[in-house]
Amino acid sequence: MIPLSSTKVQTISWQQQLAQALTDPLELVETLELPQNLAHEALTAIDSFPLRVTRDYLSCIHKGDINDPLLRQILPVAAENQQQQGFVYDPVGDMNASRVPGLIHKYHGRVLLITTPACAIHCRYCFRRHYPYQESSAHRENLDQALDLIATDKTIHEIILSGGDPLTLSDDRLKTLIAKIEAIEHISTLRIHSRLPVILPDRITATLAEMLDRSRLNAVVVIHCNHPNELSSKVHDRLARLREKNITLLNQSVLLNNINTSANVLIKLSHKLFTAGVLPYYLHTLDPVAGASHFHIDDQTAINLHKTVCEKLPGYLVPKLVREIAGLPFKQDARLLENSSEN
Ligand code: SF4
């Protein structure tokens, strides 16, 4: 492990930490004492989706271990350049569900706002790695258009902030955005989907927690954590700021080959999440996005893993195994996967 003190992340603001995210494959392999050839391979795979990782996340990776489960999530590899049948640019049908730029409406009662193209980390399996953020985000001038549309549709009661990562927005910008959402009477719930509580825990500022606590909206924060090694004591500490304000905390994970495709890893993850006050919500099968086929496992393996987890954990610690299928009105569960003829 890299000592946190060597990365100076404890004394600088979250914005500075965000700016200091590592983006150079050569620096990555030097920092983590990995073979140089990994950097050369990474350089072949970063044109359309650059390397990006926070120093906090790096501090959770074991030096010299090319199979570290956290490293494999952020290290660009040559396999990303291989085209695989069925792995596409928009695997979950975001563009077809877009009502105006940055407003995605798939499911009854809730809509998703793409608030920013920015992320603090680039997860190599990301289903939005090819998303056209420049023209299809609800930031700046597009935001009011999206909110105006939501205001005219009283079937919508929940707004989900997504991205990119909505917590890369400053507290001031979030405050303005939340005030605009609060002004829409029929919106009762604000959900924030973010990986920042895990990969840049200092983003959970007291101001942010206070802001969510004071809002008239029910606040739900859905973090994204795939492996128990991601839940450092610092993550645990910063999540406490949200817990203390009684913010509902949920987690979603993605099943990733050779990263968390072990029942023991998933069980440990659920226990650690619960200790941090977070309930496991979804375990997603991989969305078949172009460039991520090497993370794929077949449906039967996913189902067997999930069954083992069900046998070992109380129901409230078992995330629902789901797959999102473009055009369908809700995420599909494991029983439907089992009947699928795809694999
Ligand atoms: S943080 Fe989320 S949106 Fe950003 S790259 Fe990772 S999975 Fe994709």
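Residues numbered from 1 in each chain as written. Predicted model: local features only at pLDDT ≥ 70, side-chain atom pairs only at ≥ 80, totals over all residues. Heavy atoms only, no water.

A. Molecular detail of the confidence of the model for the chain. The predicted model of the chain has a mean per-residue pLDDT of 94, with 94% of residues at 70 or higher. Every residue in residues 4-9 scores below 50 in pLDDT, and together they form twelve contacts with partners more than four places removed in sequence or on other chains. (pLDDT = per-residue confidence, 0-100. Contact = heavy atoms within 4.5 Å.)

B. Seen up close, the side chain of Arg323. By secondary structure assignment, the location of Arg323 is in strand E9 (residues 320-323). Taking relative accessible area as the criterion, Arg323 reaches 10% and is therefore assigned buried. A polar contact of 3.3 Å, which involves the side chain of Arg323, links it to the side chain of Thr285. Side-chain polar atoms of Arg323 contact the side chain of Asp299, separated by 2.8 Å. (Helix = DSSP H or I, 4+ residues; strand = E, 2+ residues; numbered from the N terminus. Buried < 20%, exposed > 50% of the residue type's maximum accessible area, 1.4 Å probe, protein only. Polar contact = N/O pair within 3.5 Å; in protein donor to acceptor, adjacent residues only side chain to side chain.)

C. Here's a closer look at the packing of aromatic side chains. On inspection of all chains with the given rule, the structure shows four aromatic pairs. On the basis of an interplanar angle of 55° and a centroid distance of 5.4 Å, the ring pair of Phe274 and Tyr316 is categorised as tilted. In this pair, Phe274 is assigned in helix H12 (residues 263-275) and Tyr316 in the loop between helix H13 (299-312) and E9, connecting sequence segments 42 residues apart. Ring geometry for Tyr281 and Tyr282: centres 4.0 Å apart, planes at 20°, overall stacked. (Phe/Tyr/Trp six-rings, centres within 6.5 Å; stacked < 30°, edge-to-face > 60°.)

D. Quick peek at the pairing of strand E5 (residues 189-194). For E5, the tally of buried residues reaches six of six residues, placing the bulk of the element in the interior. In E5, alternate side chains face the same way, and those of Thr189, Arg191 and His193 on one face and Leu190, Ile192 and Ser194 on the other are all buried. Bridge count between strand E4 (residues 158-162) and E5: four bridges; the pairing is parallel. Looking across to E5, one finds that Glu158 is bridged to Thr189. Taken together, E4, helix H8 (residues 171-182) and E5 constitute a β-α-β crossover, and its handedness is right-handed. Relative to strand E6 (residues 218-224), E5 runs parallel, the two being bridged by six bridges. Bridge pairing links Ile192 to Val221 in E6. (Pairing = 2+ DSSP bridges. Right-handed = clockwise from strand over helix to strand, strands pointing away.)

E. Inspection of the site of the ligand at higher detail. Every residue close to the ligand is listed here: Cys119, Ile121, His122, Cys123, Cys126, Gly164, Arg195 and His224. Residues that form the shell around the ligand fall into these classes: four nonpolar, three polar and one charged. (Near = heavy atom within 4 Å. Nonpolar A, V, L, I, M, F, W, Y, C, P; charged D, E, K, R; others polar.)

F. Representation of the environment of Met95 within the structure. With respect to the element layout, Met95 can be found in the loop between helix H6 (71-74) and strand E1 (98-100). Once the C-alpha coordinates of Met95 and Cys126 are considered, the two residues, 31 residues apart in sequence, prove to be 16 Å apart. In contact with Met95, not counting residues within four places along its chain, are Asp90, Tyr131, Pro132 and Ser136.

G. Focus on the packing of H8 against helix H10 (residues 206-214). Where H8 contacts H10, the two axes come as close as 10 Å, and the packing angle between them is 5°. With respect to their mutual orientation, H8 and H10 come out roughly parallel. Across the interface between the two elements, Asp171, Leu174, Lys175 and Ile178 from H8 touch Thr207, Leu208, Met211 and Leu212 from H10. Counted by class, the contact of H8 with H10 contains five nonpolar, one polar and two charged residues. (Axes fitted to C-alpha atoms, helices over the stretch in contact; angles between N-to-C directions. Parallel < 35°, antiparallel > 145°, perpendicular 65-115°, else oblique.)

H. Highlighting the environment of Arg173. Looking at the element boundaries, Arg173 is found in helix H8. Under the relative-accessibility criterion, Arg173 is labelled partly exposed at 43%. Taking C-alpha positions, Arg173 is 13 Å from Leu161, a pair spaced twelve residues apart along the chain.

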